[in-house]
Amino acid sequence: MHQINVTYTAGMVGSDETYRAVRAAFVVRGTTLNAWCKANGFNRQTVEKALKGLRHSSTGAQIRERIAAELFGQRAA
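Please read all numbers here as calculations on a predicted model, not as lab measurements.

Reading the values: the criteria
Residues numbered from 1 in each chain as written. Predicted model: local features only at pLDDT ≥ 70, side-chain atom pairs only at ≥ 80, totals over all residues. Heavy atoms only, no water. Helix = DSSP H or I, 4+ residues; strand = E, 2+ residues; numbered from the N terminus. Buried < 20%, exposed > 50% of the residue type's maximum accessible area, 1.4 Å probe, protein only. Contact = heavy atoms within 4.5 Å. Areas by Shrake-Rupley, 256 points an atom, 1.4 Å probe, with all protein chains shown as cover. Salt bridge = Lys/Arg side-chain N within 4 Å of Asp/Glu carboxyl O. Lys, Arg positive; Asp, Glu negative; His and termini not counted. Polar contact = N/O pair within 3.5 Å; in protein donor to acceptor, adjacent residues only side chain to side chain. Core = buried A, V, L, I, M, F, W, Y, C linked by side-chain atoms within 4.5 Å.

J.: Quick one: what's the story with the overall build of the chain, residue by residue and with numbers?
T.: What the chain contains, in helices and strands, is four helices and zero strands. The helix and strand sequence of the chain, counted from the amino end, reads α-α-α-α. Across the 77 residues in the chain, those meeting the buried criterion constitute 26%. Of the contacts made within the chain by residues no fewer than 6 positions apart, 56% connect residues no fewer than 24 positions apart. Within the structure as shown, the chain displays about 5600 Å² of accessible surface, and the carbon and sulfur contribution to it stands at 50%.

J.: Go over the pattern of salt bridges, please, and point to the residues and values.
T.: Summed over all chains, the structure comprises three salt bridges. Residue Arg44 pairs with Glu48 through a salt bridge whose shortest N-O separation is 3.3 Å. Here Arg44 pairs with Glu48, and both are found in helix H3 (residues 44-52), just four residues apart, close to one helical turn. In this structure, Glu48 engages Lys52 in a salt bridge whose closest nitrogen and oxygen atoms are separated by 3.0 Å.

J.: Go over the side chain of Arg64 with me, naming the residues and quoting the values.
T.: By the secondary structure assignment, Arg64 is in helix H4 (residues 58-72). Although Arg64 is buried, it makes no salt bridge; Glu65 carries the closest opposite charge, 7.2 Å away. Arg64 has contacts with Met12, Val13, Gly14, Ala50, Leu51 and Arg55, leaving out every residue within four places of it along the chain.

J.: Could you give me a rundown of the environment of Trp36, with the residues and numbers involved?
T.: Summarising the element assignment, Trp36 is placed in helix H2 (residues 33-40). For the pair Trp36 and Val47, spaced eleven residues apart in sequence, the C-alpha separation works out to 9.9 Å. Here Glu70 takes part through its side chain, which lies 2.8 Å from a polar atom of the side chain of Trp36.

J.: Account for the nonpolar core, with residues named and values stated.
T.: Of all hydrophobic cores here, the largest spans 15 residues; its most connected members are Val22, Phe26, Leu33, Val47, Leu51 and Ile67. When contributions to this core are tallied by element, the ones reaching two or more residues are helix H1 (16-28), H2, H3 and H4. Sequence-distant contacts of Leu51, defined by excluding residues within four places in its chain, comprise Met12, Gly14, Ser15, Thr18, Tyr19, Val22, Leu33, Arg64 and Ile67.

Here it is in structure tokens:
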């Protein structure tokens, strides 16, 4: 018999859509993702990979949570 596994995630899930939404949200605020990375001491490529879901580490999750809190007012779980 087949089983369906459901995983509940807290916070922002990494994907191409997430990456584009975050970039757009920064532009709406009159800044850029690159400027945020520089101001917060993150490597631009690391943040991009975290937002796209290509970084499966606690650091990647922390980056997504931090951006979600700053841009969208979501608290980290």
